[in-house]
Amino acid sequence: MAIHAARPAPKSAAETKPLTIGVLALQGDYDAHARAFKTSGAQTVLVRKAEELAALDGLVMPGGESTTMLKSLEKDRFFEALEEFVSTKPVFGTCAGCILLAREVKNPVQRSLGVLDATVERNAYGRQIDSTILTLPTCVPGGPLEMVFIRSPRITRVGEEVEVLARRDGFPTLVRQGQLLACTFHPEMTADTRVQSLFLDMVRANKDR
Ligand code: GLN
């Protein structure tokens, strides 16, 4: 009897079609995020209006200044549209984006989407001059990860449902909770795209459900 090499199952349309990742482009480091996600094989859209959310498979909220982003989000019911989006689709918040996702924001107290069961303290590592690059261990496969911290927030508490994927001095720097991914560093500023790939896996899983 002839032995045939196992053939991979044909890919479904959903598997082959690139994912559409929106990058919130109100302020901050959105262009670099879009470039990193393109490099990782996604289609990217810069999002400036609530109506643009409908076409997305997932959304990235970049680093920048969370107070400035909030001001823009509070116009034209964008904040409410985002609240609805985050209840059904994966969202990745980096730095200021992580602050916007958190249940509790301190230093000072600030409005947020409140979906990530965590307390986040803004500018907890000092001033801009204290920004730093560290290579730290992570559960993300592939070994230690280079993390760029810029006026970073610190995650000081996480709930039981939050999985901690990396830490700095014991404080979580990369966390996942269901369809949410958040980090206190800038993954778009290094050549390593493992964090982007992790988010794309979450987006793919949600789309295939
Ligand atoms: N300090 C900013 C804030 O509080 C966050 C810094 C960043 O996104 N790199 O919103």
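Our structure is the block above this text.
Now for a look at the structure at hand.

Conventions used here
Residues numbered from 1 in each chain as written. Predicted model: local features only at pLDDT ≥ 70, side-chain atom pairs only at ≥ 80, totals over all residues. Heavy atoms only, no water. Helix = DSSP H or I, 4+ residues; strand = E, 2+ residues; numbered from the N terminus. Rg over C-alpha atoms; globule rule 2.2 N^0.38 Å. Buried < 20%, exposed > 50% of the residue type's maximum accessible area, 1.4 Å probe, protein only. Salt bridge = Lys/Arg side-chain N within 4 Å of Asp/Glu carboxyl O. Near = heavy atom within 4 Å. Polar contact = N/O pair within 3.5 Å; in protein donor to acceptor, adjacent residues only side chain to side chain. Areas by Shrake-Rupley, 256 points an atom, 1.4 Å probe, with all protein chains shown as cover. Nonpolar A, V, L, I, M, F, W, Y, C, P; charged D, E, K, R; others polar. Pairing = 2+ DSSP bridges. Axes fitted to C-alpha atoms, helices over the stretch in contact; angles between N-to-C directions. Expected span 1.5 Å × (residues − 1). Phe/Tyr/Trp six-rings, centres within 6.5 Å; stacked < 30°, edge-to-face > 60°. Lys NZ or Arg CZ within 6 Å of the ring centre and 35° of its normal.

**Observations regarding the overall build of the protein chain**
- From N to C terminus, the protein chain includes 6 helices and 12 strands.
- Taken against the 2.2 N^0.38 rule, which gives 17 Å for 209 residues, the C-alpha radius of gyration of the protein chain at 18 Å falls within 12% of a compact globule.
- Seen along its three principal axes, the alpha-carbon backbone of the protein chain occupies a region of about 70 × 40 × 30 Å.
- When burial is assessed residue by residue, the protein chain has 49% of its 209 residues classed as buried.

**With respect to the pattern of salt bridges**
- One pass over the structure, following the stated rule, counts 9 salt bridges.
- Here glutamate 65 makes a salt bridge to arginine 151, at a shortest N to O gap of 3.0 Å. With glutamate 65 in the loop between β3 (58-61) and α3 (66-73) and arginine 151 in the loop between β8 (145-149) and β9 (154-158), this pair connects stretches of sequence that are 86 residues apart.
- Under the relative-accessibility criterion, arginine 151 is labelled partly exposed at 29%.
- Glutamate 74 is the partner of arginine 111 in a salt bridge, and the nearest nitrogen-oxygen pair spans 2.8 Å. Of this pair, arginine 111 sits in the loop between β5 (102-106) and β6 (116-121) while glutamate 74 sits in the loop between α3 and α4 (78-86), placing them 37 residues apart in sequence.
- What makes arginine 111 partly exposed here is its relative accessible area of 38%.

**Side note on the site of the ligand**
- Taken together, Gly63, Gly64, Glu65, Ser66, Cys95, Ala96, Ile99, Arg122, Asn123, Ile150, Arg151 and His186 make up all the residues around the ligand.
- Take arginine 122: an N or O atom from its side chain is 2.6 Å from an oxygen atom of the ligand.
- Taken by itself the ligand offers 300 Å² of open surface, and the protein chains cover 97% of this.
- Taken together, the residues that form the shell around the ligand break down as 4 nonpolar, 5 polar and 3 charged.

**Re the sheet that holds strand β1 (residues 20-24)**
- One open sheet accounts for 7 strands, arranged β2-β1-β3-β4-β12-β11-β10; its pairing is mixed. The sheet terminates laterally at β2 (43-47) and β10 (163-168), the two strands that pair on one side only. Across the sheet, the mean angle separating the axes of adjacent strands is 20° when strand polarity is ignored.
- Relative to β3, β1 runs parallel, the two sharing 3 bridges.

**Some thoughts on helix α6 (residues 194-208)**
- Taking 1.5 Å as the rise per residue, α6 with 15 residues should run 21 Å; its terminal C-alpha atoms sit 21 Å apart, in good agreement.
- Regarding α6, the residues found buried are Arg194, Val195, Gln196, Leu198, Phe199, Leu200, Met202, Val203 and Asn206.

**Focus: the packing of aromatic side chains**
- Enumeration according to the criterion identifies 4 aromatic pairs in this entry.
- Both rings, one in tyrosine 125 and one in phenylalanine 149, keep their centres 6.2 Å apart while their planes meet at 50°; by these two values the pair is tilted. One end of the pair, tyrosine 125, is in the loop between β6 and β7 (132-136); the other, phenylalanine 149, is in strand β8, and 24 residues separate them in sequence.
- When the centroid spacing of 6.2 Å and the interplanar angle of 70° are considered together, the rings of phenylalanine 149 and phenylalanine 185 count as edge-to-face. You can see phenylalanine 149 sitting in strand β8 and its partner phenylalanine 185 sitting in the loop between β12 (180-183) and α6, a full 36 residues away along the chain. For the pair phenylalanine 149 and phenylalanine 185, a shared accessibility class is recorded, and that class is buried.
- Over the ring of tyrosine 125 we find arginine 168; its NZ or CZ atom is 3.8 Å from the centre of that ring.
- Sitting over the ring of phenylalanine 149, arginine 168 keeps its end group 4.5 Å from the ring centre.

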